[in-house]
Amino acid sequence: MREKTREVVIGTIGAGYAAYLHGNGYEKVSGVSVRLKTVCDLNLELAEKVKERYGYEQVTADYSEMLQDPEIQVIDIVTPPFTHVDMAIQAMEAGKDVICEKPLTGYFGKKGQENVGNTTPKAEMYRYIIDDMNRLKEVVERTGRKFMYAENFVYATNVQKAAEILRAKKSKILFMKGEESLKGSSSSLAGKWNGTGGGTLIRTGTHPLSGMLWLKQQEAQARGETITVKSVTCDTGKTTACLSEEEHRHIAARPEDVEDFGVITVTFSDGTKSMTIASDTVLGGTKNYIEIYSNDSALMCNITPTDILNTYFLDEDGLEDVTISEMLPAKLGWNKAFVSDEIIRGYMGELQDFMETVAYDRTPTSDFNLAYETVKVMYAAYQSAEEGRRIDF
């Protein structure tokens, strides 16, 4: 029988969109008492909104002040990726466990540098991110603090079930295909390398890539094998460059020095393969899935859209505050509605796992090794695309 409920005290840094995703997850955690103490953001108005929505006790604009609070056990980092490594290091040095949003890090250029993606060799970017991650790796190992990588694809309900099946059957995965595609981003930073650390591959392809790397490790553990990434090849492009303004009107992608399409092929040390597809040019809502083909099974993880609820509307009366789907301009006609999205896409499962990790001194399902491997493969892929060759590890 599990011992009595334990309390975990949270300090969140960042009050943007991801703070709400995590807040929704914290609300549904069971078996662990979650105390949301402090939300920190330079924009105190945004911090106050998060505080009021989820019941944090206080707000602050001073990160170091939050780190000095002896009650806070976990720092939840939901800031932009260029801050992740330094903030995580500071938190762990202060004796805190860390939850970190994805991706772990990236290359964003030098201060004030523009046109980063077209002027900085990808091999240089790769060397930088390895050094950057190794700085954090040393602190993770030295301090012994827990690093929890907030990759929701790992916790998506169908991916978790697929992993259970693969472990039970001890299947050999021969090929996986994963995709996250949509019609682009509403953020003005999405088209600039110095704002996002790349284009659609790092923004959206990170999710299926991490999911497939994690599944391959589930296979390896079940079979008693050691499986690593052997090589990476990649192709990227700006597919929207051929469009006129009129033709471009339905697609939000505005790539400057980044890609709006990319495909990564990973070859594992056992000779098996995975393919990651990411695109900012897909209309009809978000397209998220992982397909798994093994020696004795085929598993299709349709994350979004699903067929749980199909809706048909002739008007949108009364639906202003009702979420039907994502990245769709209207709710008219037929749609595949999101149902329990925070559960299906893994946000609840990820926060449940992280709170149990801290409360009961466990190892998180999604950890630092997965965060490190994902970014390593991603930037090797960018180097492959630029140099037109396979990158071997």
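Engineer: Just to check I follow, could you spell out the overall build of the chain for this structure?
Structural biologist: Looking only at helices and strands, the chain features 13 helices and 15 strands. For a compact globule of 393 residues, the expected C-alpha radius of gyration is about 21 Å, and the chain comes in at 21 Å, within 12% of that figure. Its C-alpha atoms give the chain principal-axis dimensions of roughly 55 × 55 × 50 Å. Counting all 393 residues of the chain, 54% fall into the buried class. The long-range share in the chain, meaning contacts at least 24 apart out of those at least 6 apart in sequence, stands at 74%.

Engineer: Before we go on, may I ask you to explain the packing of aromatic side chains in this structure?
Structural biologist: Given two aromatic rings, one states the distance between the centres and the angle between the planes to describe the pair. Counted according to the given criterion, the structure contains 10 aromatic pairs. Ring plane angle 75 degrees and centroid distance 6.0 Å describe the contact between Phe82 and Phe108, whose orientation is recorded as edge-to-face. Residue Phe82 is located in the loop between β4 (74-77) and α4 (84-93), and its partner Phe108 is located in the loop between β5 (97-101) and α5 (116-119); the two are separated by 26 residues in the primary sequence. Owing to a relative accessible area of 52%, Phe82 belongs among the exposed residues under this scheme. The class for Phe108 is buried, based on a relative accessible area of 12%. When the ring centre of Trp193 is taken as reference, the NZ or CZ atom of Lys122 above it lies at 5.0 Å.

Engineer: Before we go on, may I ask you to explain the sheet that holds strand β15 (residues 391-392) in this structure?
Structural biologist: Backbone-to-backbone hydrogen bonds join strands into a sheet, with any given pair of strands oriented parallel or antiparallel. Pairing within the open sheet is mixed, and its seven strands lie in the order β12-β11-β7-β10-β9-β8-β15. With partners counted over all chains shown, the strands left at the sheet margins are β12 (298-304) and β15, one partner each. Inspection of the sheet shows strand β11 (residues 287-294) paired to β12 by six bridges, in the antiparallel sense. Among the inter-strand pairings, Ile292 is bridged to a residue of β12, identified as Leu299. With respect to the sheet, helix α8 (residues 157-169) is in contact with β7 (173-181), β11 and β12, its orientation differing from that of β12 by roughly 165 degrees. Packed onto the sheet, helix α13 (residues 368-387) meets β8 (229-237), β9 (261-268) and β15 and runs at close to 55 degrees relative to β8.

Engineer: Even after reading the chapter, I still don't get helix α2 (residues 44-54), so can you show me in this structure?
Structural biologist: Each turn of an α-helix holds 3.6 residues, which means side chains three or four residues apart point in the same direction. Listing the buried residues of α2 in full gives Ala47, Val50, Lys51 and Tyr54. On an axial view of α2, the arc spanned by its buried residues comes to 100 degrees, and they lie on one face. Opposite its buried face, α2 presents the exposed residues Glu45 and Glu52, each directed more than 90 degrees away. Buried residues in α2 make contact with α1 (17-27), β2 (32-40) and β3 (58-60). One side-chain oxygen of the residue at the start of α2 lies 3.1 Å from the amide nitrogen of Glu45, identifying that residue as Asn43. A positive backbone phi angle near 85 degrees is found at Gly55, which sits one or two residues after α2.

Engineer: Which parts of the structure should I look at to understand the side chain of Glu101?
Structural biologist: Residue position: Glu101 is located in strand β5. Among the polar contacts listed, one links the side chain of Glu101 to the side chain of His22, at a separation of 2.6 Å. Setting aside its immediate chain neighbours within four residues, Glu101 contacts Ala18, His22, Ile77, Val78, His84, Tyr149, Ala150 and Glu350.

Engineer: Explain a negative patch on the surface to me, please; I cannot follow it from the model alone.
Structural biologist: A surface patch of like charges, here negative, comprises Asp315, Glu316, Asp317, Glu320 and Asp321. Tracing the backbone shows Asp317 in the loop between β13 (309-313) and β14 (333-337).

Engineer: Explanation requested: the pattern of salt bridges in the structure shown.
Structural biologist: Between side chains of opposite charge, pairing is possible as soon as their charged atoms come close. Counted under the stated rule, the structure contains 36 salt bridges. The partner of Asp296 in a salt bridge is Lys169, with the nearest N and O atoms 3.8 Å apart. Of this pair, Asp296 sits in the loop between β11 and β12 while Lys169 sits in helix α8, and the two are 127 residues apart along the sequence. Bridged by salt links that share partners, the residues Lys172, Lys216, Glu219, Arg223, Glu225 and Asp270 form one connected network.

So, how was this worked out
- Residues numbered from 1 in each chain as written.
- Predicted model: local features only at pLDDT ≥ 70, side-chain atom pairs only at ≥ 80, totals over all residues.
- Heavy atoms only, no water.
- Helix = DSSP H or I, 4+ residues; strand = E, 2+ residues; numbered from the N terminus.
- Rg over C-alpha atoms; globule rule 2.2 N^0.38 Å.
- Buried < 20%, exposed > 50% of the residue type's maximum accessible area, 1.4 Å probe, protein only.
- Contact = heavy atoms within 4.5 Å.
- Phe/Tyr/Trp six-rings, centres within 6.5 Å; stacked < 30°, edge-to-face > 60°.
- Lys NZ or Arg CZ within 6 Å of the ring centre and 35° of its normal.
- Pairing = 2+ DSSP bridges.
- Axes fitted to C-alpha atoms, helices over the stretch in contact; angles between N-to-C directions.
- Arc of directions from axis to C-beta.
- Polar contact = N/O pair within 3.5 Å; in protein donor to acceptor, adjacent residues only side chain to side chain.
- Patch = residues over 30% accessible without salt bridge, like charges linked within 9 Å, V, L, I, M, F, W, Y side chains within 5 Å.
- Areas by Shrake-Rupley, 256 points an atom, 1.4 Å probe, with all protein chains shown as cover.
- Salt bridge = Lys/Arg side-chain N within 4 Å of Asp/Glu carboxyl O.
- Lys, Arg positive; Asp, Glu negative; His and termini not counted.
- Charge placed at Lys NZ, Arg CZ, Asp CG, Glu CD.

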